[in-house]
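# Remarks on the overall topology
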Amino acid sequence: MRAWTFSQRGMPRKVLTLSANLPTPGPPGPSQLLIRITHAALNPACYMVMSIIPWPFRPKNSIPELDFAGTIAGLGSAIGSSSRFKVGAKVFGCLSMKDMLAGKGTLTEYICVEATEIVIAAVPDGLELEQAAGFCGCGISALRMVQRAGIKDGDRVLVNGASGGAGTMAVQIARAMGARVVVGICSGRNVELVRSLGVDEVIDYQVNHPVDKYIAQQYSDHPFDIVLDTIGSQDLFVSSPKYLKESGVFVNIGSYEGSLWTIWCVMQNKMRPRILGGVPRRYDFFGTTPDSASAEILAGFARDGKLRAVVDRVFKMEDVFEAYDLLLSKRARGKIIIKIQDLDN
Ligand SMILES: NC(=O)c1ccc[n+]([C@@H]2O[C@H](COP(=O)([O-])OP(=O)(O)OC[C@H]3O[C@@H](n4cnc5c(N)ncnc54)[C@H](OP(=O)(O)O)[C@@H]3O)[C@@H](O)[C@H]2O)c1
């Protein structure tokens, strides 16, 4: 089978190779599923792992990426015919970061996984596989942001990075879970896209610069209940007492300002007491551990017409470098999808 692999640490163009003759995994063990992948989606966390973790801590010929969509190609003997898995069923899901550190990824034609360990759900009718591939990683992170914020009917929500993979999901999920007003931050070229996802107001951060001061000015009279930040803007958090209710919460998953700076800021934001200059607003930062129950919730939203994956572009398997260039540009609109193979052989 074909798969993209890397054996050294570094950026995608430097370390990735398209291997044409890797052994196809399987047949599946008694409790395993063999999945034929048709599409994979790229995630920023994966190239960070690719470029940071040195060789002794992961196997040679590691395969990158976590998200996938495809079909069940084989079932282990202990997985009864009454199970929710059927050969040929269309599924989407994701591997865990632990899998990727162990060398397993989804830029490949087949994966063989323990049925109880993989995050997986059936693709709802009407949803294309290329869309479903972009659901899990960002969708579950966005769902977790909204759940941890404790969103209630009628809340006013601000989403930073509303045009990205996580942001496009966060806008729609906040709306699906009862937000009354959703305000999204993006650049001018993405205003129409973000509006189409259900935001009430869009703020162009390039025109209204610096955006934290602009928001403090515009929203101090009608402050937000929740901020969902997928970019990781420290200035936005520091200014939050001016535009976020005292009872409100600022939830951040982003690290666009750099990993070390993010770690420093998260420590400050979580631990520095108000009396020593800490920002007087609740702050949350977390890493997402995906699960199948959350994937089912996303599938349900999609079935009800409340959630779609925004796909920036679908790249061919051979064009993975161009796809990573787009991801690294930090300008992608929604998800970047890699078509691994056709649905039918
Ligand atoms: N903790 C977790 O569990 C978790 C899970 C998923 C993602 N993440 C992190 O969340 C971050 C976002 O991930 P993603 O997949 O959504 O990234 P992404 O899709 O690559 O984000 C690209 C988007 O970011 C927007 N953007 C760039 N700079 C911006 C700025 N200064 N203000 C507002 N928008 C800006 C761009 O819009 P414009 O072109 O309009 O600027 C573009 O649409 C990453 O740091 C990722 O590692 C964390």
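Structure first, text after, so check above.
This structure is a prediction, so every number in the text was calculated from the model and none was measured.

In this fold, G70 is placed in strand 4 (residues 67–75). Assessed through its relative accessible area of 0%, G70 is described here as buried. Once residues lying within four places of it in the same chain are set aside, the contact partners of G70 are R36, I37, T38, A89, K90, V91 and L129.

Any empty space left between atoms is shown by rolling a water-sized probe over those atoms. Here the structure, examined in full by the defined rule, presents one cavity of 30 Å³ or more. If you add up the space inside the largest cavity, you get close to 80 Å³. Lining the largest cavity we find 15 residues, and of these G232, Q234, N252, C265 and Y283 sit closest to its centre. Among the elements of the structure, helix 9 (234–238), strand 12 (244–252) and helix 10 (259–271) are those that each provide at least two residues to the lining of the largest cavity. Among the elements that line the lining of the largest cavity, the one with the most residues is helix 10, at five residues.

With parallel pairing, the six strands of this open sheet are ordered in space as 10-9-8-11-12-13. A strand with exactly one partner marks an edge of an open sheet, and here the two such strands are strand 10 (201–204) and strand 13 (282–285). Strand-to-strand twist of the sheet, defined as the mean angle between neighbouring strand axes without regard to direction, takes the value 15°. When strand 9 (residues 181–186) meets strand 10, the two strands line up parallel, connected through four bridges. Bridging from a neighbouring strand, C186 pairs with D204 of strand 10. Docked against the sheet, helix 5 (residues 136–149) engages strand 11 (224–229), strand 12 and strand 13, running at close to 150° with respect to strand 11.

Definitions and limits used
- Residues numbered from 1 in each chain as written.
- Predicted model: local features only at pLDDT ≥ 70, side-chain atom pairs only at ≥ 80, totals over all residues.
- Heavy atoms only, no water.
- Helix = DSSP H or I, 4+ residues; strand = E, 2+ residues; numbered from the N terminus.
- Buried < 20%, exposed > 50% of the residue type's maximum accessible area, 1.4 Å probe, protein only.
- Contact = heavy atoms within 4.5 Å.
- 1 Å grid on protein atoms, 1.4 Å probe; cavity = no way out; pocket = protein on both sides within 12 Å on 5 of 7 lines; lining within 4 Å.
- Points joined across faces, edges and corners; volume = space filled by probe spheres on them.
- Pairing = 2+ DSSP bridges.
- Axes fitted to C-alpha atoms, helices over the stretch in contact; angles between N-to-C directions.

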